[in-house]
Amino acid sequence: MDDYQEKVRKHAAEGVVWSRLAGLLPGAEDVDPVQGAWDIGEQEAGLFQLVDRLFQLELSVDDRTRAELAAMASQWGVWDQLATDIVDLPGFQGKLRVVEGLEPVERGDMALVPWMRCEPCGRILALEHRHESWGALSASPVSYVVSVPDATGSQFVFDAEEQDAVWRALDRLTATCDPSPRE
């Protein structure tokens, strides 16, 4: 498979997740605008519509769905604007917790911002941001880092520039709770 075909495959896989998220809404009058936003390349607007309607309708989301909403928001650069709303959506955060507003862990000119946690095994998915010259953290993450609580301090780093990095990081976070690295 060449690079173009791989890119198309990854976009289609993300489209399946998008359609499932849009399908959380109860009727076509809600689903169609959200799905239409994907179809015309207005994912950011579609995410705002989706999260707003979930709140207005007081629809409950499970922990995996909340994590997928967070991943989609990060993928399309609107996590900072939607973080509080996604975290506060109705529904139980069980095995997988999405968090915001935690203090970054400094790593030289970078900082890890805890983002998600797998409760049973303690794995953490963090957003790695660069410190900008004016002191703030970069708006978009440089990478996604999954930390495994083992004796070696294993980490899996996914370059945020790669099209499906956030999805691979989420998969690594929610993989079996076997902490041994497999990549």
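Residues numbered from 1 in each chain as written. Predicted model: local features only at pLDDT ≥ 70, side-chain atom pairs only at ≥ 80, totals over all residues. Heavy atoms only, no water.

(A) The pattern of salt bridges, seen in detail. Tallied over the entire structure, the rule returns 12 salt bridges. With a shortest N-O distance of 2.6 Å, Arg9 and Glu6 are connected by a salt bridge. With a gap of three residues between them, Arg9 and Glu6 both fall in helix 1 (residues 3-22), about one helical turn apart. Within the structure, one salt-bridge network assembled from shared partners comprises Glu6, Arg9, Lys10, Glu162, Asp164 and Arg168. (Salt bridge = Lys/Arg side-chain N within 4 Å of Asp/Glu carboxyl O. Helix = DSSP H or I, 4+ residues; strand = E, 2+ residues; numbered from the N terminus.)

(B) Structural detail: the layout of surface pockets. Taken as a whole, the largest pocket holds about 270 Å³ of empty space. Ser74, Gln75, Ser140, Pro141 and Tyr144 are, among the 20 residues lining the largest pocket, the residues nearest its centre. Residue composition of the lining of the largest pocket, grouped by class: 11 nonpolar, six polar and three charged. (1 Å grid on protein atoms, 1.4 Å probe; cavity = no way out; pocket = protein on both sides within 12 Å on 5 of 7 lines; lining within 4 Å. Points joined across faces, edges and corners; volume = space filled by probe spheres on them. Nonpolar A, V, L, I, M, F, W, Y, C, P; charged D, E, K, R; others polar.)

(C) Molecular detail of the pairing of strand 3 (residues 110-118). Along strand 3, eight of the nine residues are buried, which leaves the element largely enclosed by surrounding structure. Pairing analysis gives three bridges linking strand 1 (residues 96-98) to strand 3, with the strands arranged antiparallel. Bridge assignment links Val98 to a residue of strand 3, and that residue is Met116. Bridge count between strand 2 (residues 105-107) and strand 3: three bridges; the pairing is antiparallel. Within the sheet, the bridge partner assigned to Arg107 lies in strand 3 and is Met110. Hairpin remark: strand 2 followed by strand 3, antiparallel, with two residues in the connecting loop; positive phi at Gly108, about 65 degrees. In this structure, strand 3 lies alongside strand 4 (residues 124-130), joined through seven bridges in antiparallel fashion. (Buried < 20%, exposed > 50% of the residue type's maximum accessible area, 1.4 Å probe, protein only. Pairing = 2+ DSSP bridges.)

(D) Seen up close, the packing of aromatic side chains. The final tally for this structure, using the stated rule, is four aromatic pairs. Aromatic pair Trp18 and Trp38: ring centres 5.3 Å apart, planes at 35 degrees, arrangement tilted. Of this pair, Trp18 sits in helix 1 while Trp38 sits in helix 2 (residues 28-39), and the two are 20 residues apart along the sequence. Among the residues examined, Trp18 registers a relative accessible area of 2% and is labelled buried. Through a chain of ring-to-ring contacts, three or more aromatic side chains come together here, namely Trp18, Trp38 and Trp76. (Phe/Tyr/Trp six-rings, centres within 6.5 Å; stacked < 30°, edge-to-face > 60°.)

By themselves these figures say nothing about function.
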